[in-house]
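# Topology and contacts: notes
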Amino acid sequence: MSALTLPLFTQLLSKKGIAPVEQFPENPCLLFATPPDIEDRAKIRFILGSEIRFQKALPDQIERLMKHWRAKLSPELEGSDNGAEQLDNEYLKDIASDAPIIRMVNHLMERALDLNASDIHFEPEEKYLRVRCRVDGVMVNIEKLPFNVQAAVSSRVKLMARLDIGEKRLPQDGRIQYQMGDRNLDMRVSTLPGIHGESIVLRILDRRDVSVSLDKLGMPEDILKPFARIIQQPHGMVLVTGPTGSGKTTTLYGTLEKLNSGTQKMITVEDPVEYQLEGITQIHVNSKIGLTFAAGLRSIVRQDPDIIMVGEIRDHETAEIAIESALTGHLVFSTLHTNDAAGAITRLQDMGIDTYLISSSLMAVMAQRLVRKICLYCAEKQPLAPEEAELLGIDRRACPVIQRGRGCERCANTGYRGRLGLYELLIISDNIRHVVGSGGDASMIRSQAIEEGMRTLRQDALEKLFQGITTPEEIVRVTRAS
């Protein structure tokens, strides 16, 4: 151990209540009052050598030894807090660059990719590190790792994402470019400090996996035709709503692709730009330098676009500029996080947008969800149980037999393979404008839309049940009763 390392490391030991014996390092023995955990022992042995021994001692003896080392090394310990932190960071970098850890992290990523997962979750528990991934919208366990590898795994992921490897108290965001065979994957990385360590989530974006054709998204014909007609209007605003991961961005990309004839100027502002579309100017939001949705949208308008896509309306300022753009001759598309189509109108009102501006600019709201499809390779017919019919609110005689997947290798024994969209299109008619203008809430707007022929998410889901595409469990999981 170098003359520099000993004082720095001695200071680290004092924080753990561990003291070297007086003859250290000739006698490689460390004393403790409270047994250090496995991770601390591994870290100490990594820096000092595998011959280090640990021995229990009284707290008074440890305190006496620490005073001895502080007195002996006091000149070298001056200003060594930074050095101790650097030493810790160097250790984390070393273990993150270990070949077994690199292989382990790569293996976990590739297992998730083989399952066509949309994201990977590293979740520290008290006694182990749980690794899960989201497949077709549902969390699946893929591994339980010993807790003593948690620091190494999280450090490896943070190193790949170019994050601060020593920062464990604050959330961080980064990106990983990952090559798997001929696939060029872009992973968005998010870290979050928890009581047992950092939770890390990798969201996977596959550049070749984007389907941008509206015709292939699963929209029923009676929704696709009016939606295609509405998006051909010269100006106004169309919103797509739903929770995170419901396919809103894919629907908007499909819409832009359909309109991308080369005769119009199209600009998007997104967080992040998930897929690159040819012939469209795409802006990546960066709030750290002040490029927010509102700031980007304000600048976009000066570029004289015909069509604008805003990744998400999050605040009053963004909503206000988007509506002003729709009122001044632009066709604007955006998303909101609401439970149904009618809720988008009240959400804008909650943001402080005047009712008359909403009525004047908004043309339609599309609510959507993603439902898992039955695996075609193991699908089999089964009778619909009476309790299932009651739960769905349907007459069992209307659908006495349904399909289910029994589970096979191709669907990882889940019975499902792939997903399809469920849609609810609310067209802003004169009657709905009247309901909005008279102060009607979301339930009144929804009732009026259903009276005018709107098919709800639950009704679209039931239609897909009758067609043998999905199951009652999926319908209950992603939709509410009409």
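All right, on to the overall build of the protein chain then. Within the protein chain, the regular secondary structure consists of 17 helices and 18 strands. A compact globule built from 482 residues should have a C-alpha radius of gyration of about 23 Å, whereas the protein chain, at 29 Å, is more than 25% larger. Across its three principal axes, the protein chain shows a C-alpha extent of roughly 90 × 60 × 45 Å. The buried share of the protein chain, reckoned over its 482 residues, is 51%. Relative to all contacts within the protein chain whose residues are 6 or more apart in sequence, the contacts with residues 24 or more apart total 63%. Counting 59 positive and 65 negative side-chain charges, the protein chain places the centres of these two groups 4 Å from one another.

Taken together, seven strands build an open sheet; the order of strands is 12-11-13-14-10-15-18 and the sheet is mixed. Only two strands of the sheet have a single neighbouring strand rather than two, namely strand 12 (281–284) and strand 18 (416–427). The average angle at which neighbouring strand axes cross in this sheet is 20°, direction not considered. The pairing of strand 10 (residues 236–241) with strand 15 (residues 362–374) spans five bridges and is parallel. Bridge assignment links threonine 241 to a residue of strand 15, and that residue is alanine 367. Of the strands in this sheet, strand 10, strand 11 (266–270), strand 12, strand 13 (307–310), strand 14 (331–336), strand 15 and strand 18 are in contact with helix 8 (residues 248–259), which crosses strand 14 at around 165°. Contacts from helix 9 (residues 293–301) reach strand 11, strand 12 and strand 13, with the element oriented near 170° to strand 11.

Residues at a pLDDT of 70 or more form 90% of the protein chain, whose mean pLDDT is 86. Confidence, expressed as mean pLDDT per element, reaches its minimum in the protein chain at helix 1 (residues 5–16) with 59 and its maximum at strand 10 with 97. Counting interchain partners and residues more than four positions distant, the pLDDT-below-50 stretch residues 1–5 has six contacts. Segment residues 76–84: pLDDT under 50, and 13 contacts once partners within four positions in sequence are set aside and those in other chains are kept.

With that out of the way, let us pick up the side chain of serine 334. You can see serine 334 is positioned in strand 14. Looking at serine 334, its side chain comes within polar contact range of the main-chain oxygen of valine 310, at 2.8 Å. For serine 334, the residues in contact, after removing those within four places along its chain, are Val238, Leu239, Val240, Leu252, Val310, Gly311, Glu312 and Ile313.

Moving on, we come to the packing of aromatic side chains. Following the criterion strictly, the structure yields zero aromatic pairs and no others. For the cation-ring pair, lysine 144 lies above tyrosine 128, with the distance from its terminal atom to the ring centre recorded as 4.5 Å. The ring of tyrosine 416 has arginine 372 lying over it, and the distance from NZ or CZ to the ring centre is 4.0 Å.

Strand order in the open sheet formed by three strands is 1-2-3, and the pairing between neighbours is mixed. The open sheet has two free edges, formed respectively by strand 1 (18–20) and strand 3 (53–56), since each of these has just one partner strand. On average, adjacent strands in this sheet sit at an angle of 30° to one another, irrespective of strand direction. Sheet topology note: the strand 1/strand 2 (residues 29–32) ladder contains three bridges and is antiparallel. Directly across from alanine 19, in strand 2, lies its bridge partner leucine 31.

We now examine the pattern of salt bridges. Going through the model one piece at a time under the given rule, you end up with 24 salt bridges. Notably, a salt bridge pairs glutamate 424 with arginine 446, separated by 3.6 Å at the nearest N-O pair. One end of the pair, glutamate 424, is in strand 18; the other, arginine 446, is in helix 15 (residues 442–451), with 22 residues separating them in the sequence. Both residues of the pair, glutamate 424 and arginine 446, belong to the buried class. Taken together, the shared-partner salt bridges connect Glu123, Glu125, Arg130 and Arg132 into one network.

Within the fold, isoleucine 445 resides in helix 15. Residue isoleucine 445 is classed as buried on the basis of its relative accessible area, which comes to 0%. When sequence neighbours within four positions are dropped, the list of residues in contact with isoleucine 445 reads Ala342, Ile345, Leu426, Ile432, Val435, Val436 and Gly440.

By the element assignment, aspartate 186 lies in strand 8 (residues 183–194). For aspartate 186, a relative accessible area of 1% corresponds to the buried category. Between the alpha carbons of aspartate 186 and isoleucine 176 there is a distance of 5.9 Å; along the sequence they are ten residues apart. Within the structure, aspartate 186 has its side chain in polar contact with the side chain of arginine 175 (distance 2.5 Å).

The rules behind each value
- Counting starts from 1 at the beginning of each chain's written sequence and moves along it residue by residue.
- Totals for whole chains, interfaces and linings use all residues, but because this is a predicted model, local features are given only for residues with pLDDT of at least 70 and pairs of side-chain atoms are given and counted only at 80 or more.
- Excluding hydrogens and water, the side-chain figures rest on all heavy atoms present in the structure.
- Secondary structure elements are taken from DSSP: a helix is a run of H or I of four residues or more, a strand is a run of E of two residues or more, and numbering for both begins at the N terminus.
- The globule rule used for comparison is 2.2 Å times the number of residues to the exponent 0.38, while the radius of gyration itself is calculated over C-alpha atoms.
- Between buried and exposed lies partly exposed: a residue is buried under 20% and exposed over 50% of the maximum accessible area for its type, with that area taken using a 1.4 Å probe on protein chains only.
- Between two residues, a contact is recorded if the distance between any of their heavy atoms is within 4.5 Å.
- Note on charges: Lys and Arg go in the positive column, Asp and Glu in the negative column, and His and the chain ends are not counted at all.
- Note on charges: their place is set at NZ of Lys, CZ of Arg, CG of Asp or CD of Glu.
- We call two strands paired when DSSP finds no fewer than two bridges between them.
- Here the axes come from fitting lines to C-alpha atoms, over the contacting stretch only for helices, and the angles between their N-to-C directions go from 0 to 180 degrees.
- Confidence of the predictor at the level of single residues is given by pLDDT, which spans 0 to 100.
- Polar contact is defined as a pair of N or O atoms within 3.5 Å, subject to the rule that within protein one atom must be able to donate a hydrogen and the other to accept it, and that residues adjacent in sequence are counted only when both atoms are side-chain atoms.
- Centre distance within 6.5 Å is the pairing criterion for rings of Phe, Tyr and Trp, where only the six-membered ring of Trp is used; planes under 30 degrees apart are then read as stacked, over 60 as edge-to-face, and the remainder as tilted.
- Only Lys NZ and Arg CZ are tested; either one counts as a charge over a ring when it is within 6 Å of the ring centre and within 35 degrees of the ring normal.
- Salt bridge, as used here: a side-chain nitrogen of Lys or Arg that lies within 4 Å of a carboxyl oxygen of Asp or Glu.

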